[in-house]
Amino acid sequence: MRCKMRGDDMISERRKSRFFARDWLDVHSITRSELEYLISLSSRMKSAIEREMQDVYCLAKGHDLLAALLFYEPSTRTRTSFEIAAMRLGLRTTGFSGTEATSVKKGECLTDTVSMYAAYNVAAVIMRHPLDGSAKAVSEYFRMMGKDIPAFNGGDGKHEHPTQAILDAFTINECCGRLEDLDIGIAVDARYGRTAHSLPVVLSLFPGNRFHIFTHELLRMPPAVLKFLDLNGVEYHEYTESREQLEDMLGSLDFLYMTRIQRERLPDDDTFYKAKDMFRFTPDMMGRTKGNFGIGHPLPENKENPSIDPSLRRHPKYWATRQAGNGVPTRLVELALSLGLAGSDFDGDVFVQRGRSGAFYTERTPGGRKETGPYDIRPIMNGTVIDHVENDPYAVARLAQLLKLRESGNIYRLGVVEPRDRPDVIKGVLMIRDRYLSDDEVRLVATISPGATVNDIRERNVVRKRDLVLPEVIDGLPNMRCTNAGCITRPEHQEYVASKAVKVGEGRTNLVNCCYCGNLMESQDMF
Ligand code: NCD
């Protein structure tokens, strides 16, 4: 007779999986081996579901696990496919669809609401929310509270839609038979459409893919996504002039990913009217595509302004309905992995988060005539000279303001100088009398003025010299905020999530991504 596992044993068994409590917040944290594993398991699940082989997919049988579906924004496909996936897996579901009947209407903040679901011991939180970075905020909150509840981002504002990108990749693989060396078109709204942001990033895990982005000038792909593609050496082209540009490319595309104009997220209707018909896909266009071409769409279509002509819905190259159907097996697998119900045979790479560890300065031994003396730092007997600040008087003044130097009254000199011995180097300089910077202050200077040098002066000698670089992680500094008004960290949303950013790329750079909404910024713009 088979011995039944006790509850404790079942939990510890689940915890052993490498995927246990894995979040699905954005596509940047998905590795190629994870995606390949996901796709192969999803295709097994898909055929098992079609054949009603419950033993294969009902992996939570015998467990008492609940999934909370917290949908703050409208949804048909994402919510329903997650719900069906959860049910087929053997979970029970709870939550809400729209906030009308919830305490959100009484002014409750997001983390307070999700903390209740944690208190009720749900096993997973699947959410959709209007603020960019909201799912990340929930995940960080769970980690802080010591809860191993995975968070699934079913769309956070205009930021990302990672589980959609996985089902999109799964569909493209079904259509094209591969995920590499493809010409992928992305059309209509690359600016506010979160699915359009996630797709090229996830497909850039595979070599040789080229992206062709067809949008109105006002709906172009965000700089954060383009920068990511640049840094990873991925080929992409933007087409913003006319529909002929799409017509010209039709014969070369393997897959065209159409999207809906996110009218509800546009600042005004003007953009909608300017862009609405520009890249509409017509039956005539279909006639000029390759034999194994496919056209997809995350759906919904807007009936007043469909991106793909409705007469094409039953065309064999129309993939959008099959694509939506793929939401069930892929999401079932994601849930199974994060709950530790599958994945024990995975031995590939997992994502490694960028750490705080990297130093934000290098020490240089002060020495030589120039450093010890008469030229640069002569005016100060004791104190700090911040050198090589950006060549901009405002940047220097802002640095002084952030270090609260006016209040303390010990600025000796502030401005842009042209050293006598090196007139080619025009640089910002800030001289502070009788004061040395704390580590946090040096971190602040490194953040807003990477490339600067901090000199500690004692008895007119440079006793310490630090060349600053942008810290790997930027957090905990006073008055910092993300420049994206839709980011959950912005104080006006009253969600009480502290701003945090990470360095983009390597070496000398001042570029950062918001840790929550992914917004690309120059570090000084956060202050
Ligand atoms: C999309 C979404 O909500 O981001 N739909 C979906 O999840 N399948 C796209 C859209 O709303 O246009």
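Residues numbered from 1 in each chain as written. Predicted model: local features only at pLDDT ≥ 70, side-chain atom pairs only at ≥ 80, totals over all residues. Heavy atoms only, no water.

Student: Even after reading the chapter, I still don't get the nonpolar core, so can you show me in this structure?
Tutor: When a protein is soluble and globular, its nonpolar side chains tend to lie buried together. Judged by nonpolar contacts, the single largest core of 67 residues is most densely connected at Leu35, Leu91, Ile172, Ile184, Leu203, Leu335 and Leu337. The leading source of residues in this core is helix H2 (residues 32–50), at 8 residues. Taken domain by domain, the makeup of this core includes at least three residues from each of domain 1 (2–157 + 329–338) and domain 2 (162–304). Excluding its chain neighbours within four sequence positions, the residues that come into contact with Ile184 are Ile172, Leu199, Leu203, Arg210, Phe211, His212, Leu253 and Phe255. (Core = buried A, V, L, I, M, F, W, Y, C linked by side-chain atoms within 4.5 Å. Buried < 20%, exposed > 50% of the residue type's maximum accessible area, 1.4 Å probe, protein only. Helix = DSSP H or I, 4+ residues; strand = E, 2+ residues; numbered from the N terminus. Domains from an automatic or database assignment. Contact = heavy atoms within 4.5 Å.)

Student: What am I meant to see in the sheet that holds strand E1 (residues 66–71) here?
Tutor: Neighbouring strands of a sheet are bound in pairs by backbone hydrogen bonds; such pairs are parallel or else antiparallel. Read from one edge to the other, the open sheet built from 4 strands follows the order E2-E1-E3-E4, with strand pairing classed as parallel. Bordering the open sheet on either side are strand E2 (92–97) and strand E4 (151–156), each of which pairs with just one other strand. Within this sheet the neighbouring strands show an average axis-to-axis angle of 10 degrees, counted without direction. In terms of strand pairing, E1 meets strand E3 (residues 124–129) through 5 bridges, oriented parallel. By the bridge assignment for E3, Phe71 is matched with Arg128. (Pairing = 2+ DSSP bridges. Axes fitted to C-alpha atoms, helices over the stretch in contact; angles between N-to-C directions.)

Student: How should I be thinking about the site of the ligand in this particular structure?
Tutor: In the neighbourhood of the ligand, the contacting residues comprise Thr78, Arg128, His161, Gln164, Arg194, Thr195, Arg260, Gln262, Pro298, Leu299 and Pro300. At 3.2 Å, a side-chain N or O of Gln164 approaches a nitrogen atom of the ligand. Across the shell around the ligand, the residue classes break down as 3 nonpolar, 5 polar and 3 charged. (Near = heavy atom within 4 Å. Polar contact = N/O pair within 3.5 Å; in protein donor to acceptor, adjacent residues only side chain to side chain. Nonpolar A, V, L, I, M, F, W, Y, C, P; charged D, E, K, R; others polar.)

Student: Hey, could you run me through the domain arrangement of the protein in this one?
Tutor: It is common to report an interface's size as the accessible area lost on association of the parts. When its domains are assigned, the protein resolves into domain 1 (2–157 + 329–338), domain 2 (162–304), domain 3 (361–471) and domain 4 (474–526). With centres defined by C-alpha atoms, the gap from domain 3 to domain 4 works out at 25 Å. Taken residue by residue, the interface counts 12 residues in domain 3 and 11 residues in domain 4. Together, the buried faces of domain 3 and domain 4 total about 1,000 Å²; carbon and sulfur atoms form 61% of this surface. Viewed at the interface, domain 4 and domain 3 are joined by 0 salt bridges. Put simply, domain 3 and domain 4 have 2 residue pairs in polar contact (both at pLDDT 80 or more) between them. Counting only elements with at least two residues in the side of domain 3 that touches domain 4, the list comes to helix H16 (393–402) and helix H18 (439–448). When residues of the side of domain 3 that touches domain 4 are assigned to their parent elements, the largest contribution, 5 residues, is made by H18. (Buried area = accessible area lost by both parts, 1.4 Å probe. Salt bridge = Lys/Arg side-chain N within 4 Å of Asp/Glu carboxyl O.)

Student: In this structure, what is going on with the pattern of salt bridges? I would like to understand it.
Tutor: Pairs may arise between side chains of opposite charge once their charged atoms sit close together. Tallying each qualifying case throughout the model produces 33 salt bridges. A salt bridge links Asp64 to Arg92; the shortest N-O distance between them is 2.4 Å. Residue Asp64 is located in the loop between helix H3 (54–57) and E1, and its partner Arg92 is located in strand E2; the two are separated by 28 residues in the primary sequence. Here the two residues Asp64 and Arg92 agree in accessibility, since each one is exposed. The salt bridge involving Arg243 is made with Glu247; its shortest N-O contact spans 3.6 Å. Here Arg243 pairs with Glu247, and both are found in helix H10 (residues 243–249), just 4 residues apart, close to one helical turn.

Student: Please clarify how the pairing of strand E8 (residues 255–258) should be interpreted in this entry.
Tutor: Consecutive side chains of a regular strand alternate in pointing toward one face of the sheet and then the other. Alternating positions in E8 separate into two faces, Phe255 and Tyr257 on one and Leu256 and Met258 on the other, with burial throughout. Of the strand pairs in this sheet, E8 and strand E9 (residues 294–296) are connected by 3 bridges, and their pairing is parallel. Its bridge partner being in E9, Leu256 is matched across the sheet by Ile295.

Student: Teacher, can you tell me more about unusual backbone geometry here?
Tutor: Excluding glycine, most residues fall at negative phi; most peptide bonds, likewise, are trans. A cis amide bond links Leu299 to the next residue, Pro300, at an omega of 10 degrees. The topology assignment puts Pro300 in the loop between E9 and helix H13 (320–325). Phi at Lys404 takes a positive value of approximately 55 degrees, unusual for a residue other than glycine. You can see Lys404 is positioned in the loop between H16 and helix H17 (405–408). Phi angles above zero are rare outside glycine, and Asn479 is one such case at about 60 degrees. Looking at the secondary structure, you find Asn479 in the loop between strand E16 (473–475) and strand E17 (500–503). What makes Asn479 exposed here is its relative accessible area of 61%.

Student: Please explain the sheet that holds E16 as it appears in this structure.
Tutor: Taking strand neighbours across the sheet as the criterion, the 4 strands line up as E16-E17-E18-E19 in an open arrangement whose pairing is antiparallel. What marks the edges here is a single partner per strand, and that holds for E16 and strand E19 (520–522). On average, each strand axis in the sheet is tilted by 35 degrees relative to the strand beside it, whichever way the strands run. Bridge count for E16 against E17 is 3 bridges, and the pairing is antiparallel. In the strand pairing of E17, Val473 is matched with Val502.

Student: Got a minute to help me understand the environment of Lys227 in this structure?
Tutor: Mapped onto the elements of the fold, Lys227 is located in helix H9 (residues 223–231). Note: C-alpha distance between Lys227 and Gly505 (278 residues apart in sequence) is 9.4 Å. Filtering out sequence-adjacent residues up to four positions away, Lys227 remains in contact with Val504, Leu511 and Leu520.

Student: Sorry, what's going on with helix H8 (residues 194–203) here?
Tutor: An α-helical turn contains 3.6 residues, so a residue and the one three or four places further along point in the same direction. Within H8, 10 of the 10 residues are buried, which leaves the element mostly enclosed by the surrounding structure. Within H8, the full set of buried residues consists of Arg194, Thr195, Ala196, His197, Ser198, Leu199, Pro200, Val201, Val202 and Leu203.

Student: Can you help me understand the packing of H8 against H9 in this one?
Tutor: Any two packed helices are characterised by the angle at which their axes cross and by the distance between the axes. In contact at an axis separation of 10 Å, H8 and H9 are set at 5 degrees when each is read in the N-to-C sense. Considering their axes alone, H8 and H9 lie roughly parallel with respect to each other. On H9, the residues touching His197, Pro200 and Val201 of H8 are Val225, Phe228 and Leu229. By residue class, the composition of the contact of H8 with H9 is 5 nonpolar, 1 polar and no charged. (Parallel < 35°, antiparallel > 145°, perpendicular 65-115°, else oblique.)

Student: Looking at this structure, I do not really get the pairing of E3. What am I missing?
Tutor: With 6 of 6 residues buried, E3 lies mostly within the body of the structure. With burial as the criterion, each face of E3 is covered, one bearing Ala124, Ile126 and Arg128 and the other bearing Val125, Met127 and His129. The pairing of E3 with E4 spans 4 bridges and is parallel. Note on E4: the bridge partner recorded for Met127 is Asn153. On the question of chirality, the crossover connecting E3 to the parallel E4 by way of helix H6 (residues 134–144) is right-handed. (Right-handed = clockwise from strand over helix to strand, strands pointing away.)

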